[in-house]
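A closer look at the structure
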Amino acid sequence: MEIERKFLIDMERLPFRPEDFPCRHIEQGYLCTAPVVRIRRDNEEYFLTYKSKGLMVREEYNLPLTKEAYEHLIPKTDGRLLRKKRYVIPLENDLSLELDVFEGSLAPLVLAEIEFPDEKTALSYEAPDWLGEDVTYSARYHNSTLSKK
């Protein structure tokens, strides 16, 4: 189960420098968007992921792929291949923020996701002002939607 909230980010408002935190290079494409079936390269790890319908709460299953299987599936993806840098920033209460800085045709889009242990914690979370607009309930900002040209 994945329980997360998503925010639009204005890099000028951040109270930290993303470059001061660990960064992962992510590339992902979608084989299907209903249901969501995606392939992802996360640095040098590769995955096939299924996600159920939903906005804040969704089922998610990750299966490992080999590099060869990933590369074989790339031409089968629909829409654009997403590329982004992901910075992981620790927050209070054992939470962490995943800051996605999109590259290519989606630049300068920046989104932040915070994953929560349960719905109650997610719903009661009071986001600091620098996080920007809460777009959790907007399918427009799902990566599967962003992959469509």
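Our subject is the structure listed above.
Residues numbered from 1 in each chain as written. Predicted model: local features only at pLDDT ≥ 70, side-chain atom pairs only at ≥ 80, totals over all residues. Heavy atoms only, no water.

1. A short note on the nonpolar core
- By size, the foremost hydrophobic cluster in this structure holds 20 residues, and its most contacted members are Ile-9, Leu-97, Leu-99, Ile-114, Phe-116 and Leu-131.
- At the level of elements, β1 (2-8), β7 (78-90), β8 (96-102) and β9 (110-115) are the ones that each hand at least two residues to this core.
- When sequence neighbours within four positions are dropped, the list of residues in contact with Phe-116 reads Ile-3, Glu-4, Arg-5, Leu-95, Thr-121, Ala-122 and Tyr-125.
- Leu-8, Leu-106, Val-135 and Tyr-141 belong to the second largest nonpolar core, which has 11 residues in total. (Core = buried A, V, L, I, M, F, W, Y, C linked by side-chain atoms within 4.5 Å. Buried < 20%, exposed > 50% of the residue type's maximum accessible area, 1.4 Å probe, protein only. Helix = DSSP H or I, 4+ residues; strand = E, 2+ residues; numbered from the N terminus. Contact = heavy atoms within 4.5 Å.)

2. Some thoughts on the environment of Arg-140
- Inspection of the secondary structure assignment puts Arg-140 in the loop between α2 (119-124) and α3 (143-146).
- Along the backbone, Arg-140 and Lys-6 are 134 residues apart, and their C-alpha atoms lie at a distance of 11 Å.
- Ignoring sequence-local partners within four residues, the contact set of Arg-140 consists of Thr-145 and Leu-146.

3. Remarks on a nonpolar patch on the surface
- Taken together, the side chains of Leu-55, Leu-123 and Tyr-137 make up a nonpolar region of the molecular surface, amounting to roughly 320 Å² of accessible area.
- Mapped onto the elements, Leu-55 comes out in the loop between β4 (45-51) and β5 (57-58). (Patch = residues over 30% accessible without salt bridge, like charges linked within 9 Å, V, L, I, M, F, W, Y side chains within 5 Å. Areas by Shrake-Rupley, 256 points an atom, 1.4 Å probe, with all protein chains shown as cover. Salt bridge = Lys/Arg side-chain N within 4 Å of Asp/Glu carboxyl O.)

4. Concerning the packing of aromatic side chains
- Under the counting rule described, the total for this entry stands at five aromatic pairs.
- Judged by centre distance (5.7 Å) and plane angle (80°), the rings of Phe-16 and Phe-21 are edge-to-face.
- When its relative accessible area of 25% is taken as the criterion, Phe-21 is described as partly exposed.
- Their ring planes at 90° and their centres at 5.5 Å tell us that Phe-16 and Trp-130 sit as a pair that is edge-to-face. Placement of Phe-16 in the loop between β1 and β2 (23-33) and of Trp-130 in the loop between α2 and α3 is noted, with a sequence separation of 114 residues between them.
- Taking relative accessible area as the criterion, Phe-16 reaches 16% and is therefore assigned buried.
- For Trp-130, a relative accessible area of 18% translates into the label buried. (Phe/Tyr/Trp six-rings, centres within 6.5 Å; stacked < 30°, edge-to-face > 60°.)

5. Quick notes on the environment of Thr-145
- Along the chain, the position of Thr-145 falls in helix α3.
- With a relative accessible area of 30%, Thr-145 lands in the partly exposed category.
- Once the C-alpha coordinates of Thr-145 and Leu-91 are considered, the two residues, 54 residues apart in sequence, prove to be 28 Å apart.
- In this view, Thr-145 contacts Ala-139 and Arg-140; residues no more than four positions away in its chain are not counted.

6. Observations regarding the pattern of salt bridges
- Considering all chains together, one arrives at 12 salt bridges under this definition.
- With a closest N to O distance of 3.9 Å, Glu-19 and Arg-17 form a salt bridge.
- Judged by relative accessible area, Glu-19 falls into the partly exposed class, the value being 48%.
- Between Arg-17 and Asp-20 there is a salt bridge whose closest N-O contact spans 3.3 Å.

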